[in-house]
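These are the residues of each chain, in order.
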Amino acid sequence: MRYTRAMTNSISDIALPRARAAVPAMMADHPRDGGSSDTSILTKTAPKTARPPMYKVMLLNDDYTPMEFVVHVLERFFGLNHAQAFDIMLTVHKKGLAVVGVFSAEIAETKVAQVMDFARRHQHPLQCTMEKE
Ligand code: TYC
């Protein structure tokens, strides 16, 4: 749970990052109780910035797409080096599928569309899908 500074009377308090308040709520000074140093109230709040949902992008195995083509796809669209791309291609070949990256919804959709379009244009049946993490 995070703490947010609800009220502050001290300039020196203002520079403190919200998430790293130095004084626990119980110990915070308040004008009413005659405290001398820190004069803030810390209140629990919900985090203001939720992380976006993330999506796994997966490649599926098939019997026809050439291994070199899959390696090329992984290099081209997922920024993998040749050794990484070869390893993941082999994982897909042996296990049937592998996660090739985790992205926000918009990026994941773009990756899937790029791979599917590239495979289609080269007349390979390679399938790329996404799934919420
Ligand atoms: N199984 C394919 C072959 O033997 C290679 C392959 C690997 C295809 C990964 C798709 O996602 C894939 N040529």
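Because the structure is predicted, anything quoted here is derived from the model rather than measured.

Draft legend 1. Structural detail: the sheet that holds strand E3 (residues 54-60). With antiparallel pairing, the 3 strands of this open sheet are ordered in space as E4-E3-E5. Because the sheet does not close on itself, it has two edges, and the strands there are strand E4 (97-104) and strand E5 (127-132). For this sheet the average axis-to-axis angle between neighbouring strands, irrespective of direction, equals 30°. Pairing analysis gives 6 bridges linking E3 to E5, with the strands arranged antiparallel. The partner of lysine 56 across the bridge, within E5, is glutamate 131. Against the sheet, helix H4 (residues 105-121) contacts E3, E4 and E5, and its axis sits at roughly 165° relative to E5.

Calculation rules
- Residues take numbers from 1 onward in each chain, read along the sequence in its written order.
- Two thresholds apply to this predicted model, a pLDDT of at least 70 for residue-level local features and 80 or more for giving and counting side-chain atom pairs, whereas whole-chain, interface and lining totals are computed over all residues.
- The side-chain figures draw on all heavy atoms in the structure; neither hydrogens nor water molecules are used.
- DSSP-based pairing: two strands are paired if at least 2 bridges between them are found.
- Runs of H or I in DSSP of at least four residues are treated as helices and runs of E of at least two as strands, each being numbered from the N terminus.
- To get an axis, fit a line to the C-alpha atoms, keeping to the stretch in contact for a helix; angles then go from 0 to 180 degrees between the N-to-C directions.
- In this description, contact between two residues means that some pair of their heavy atoms is separated by no more than 4.5 Å.

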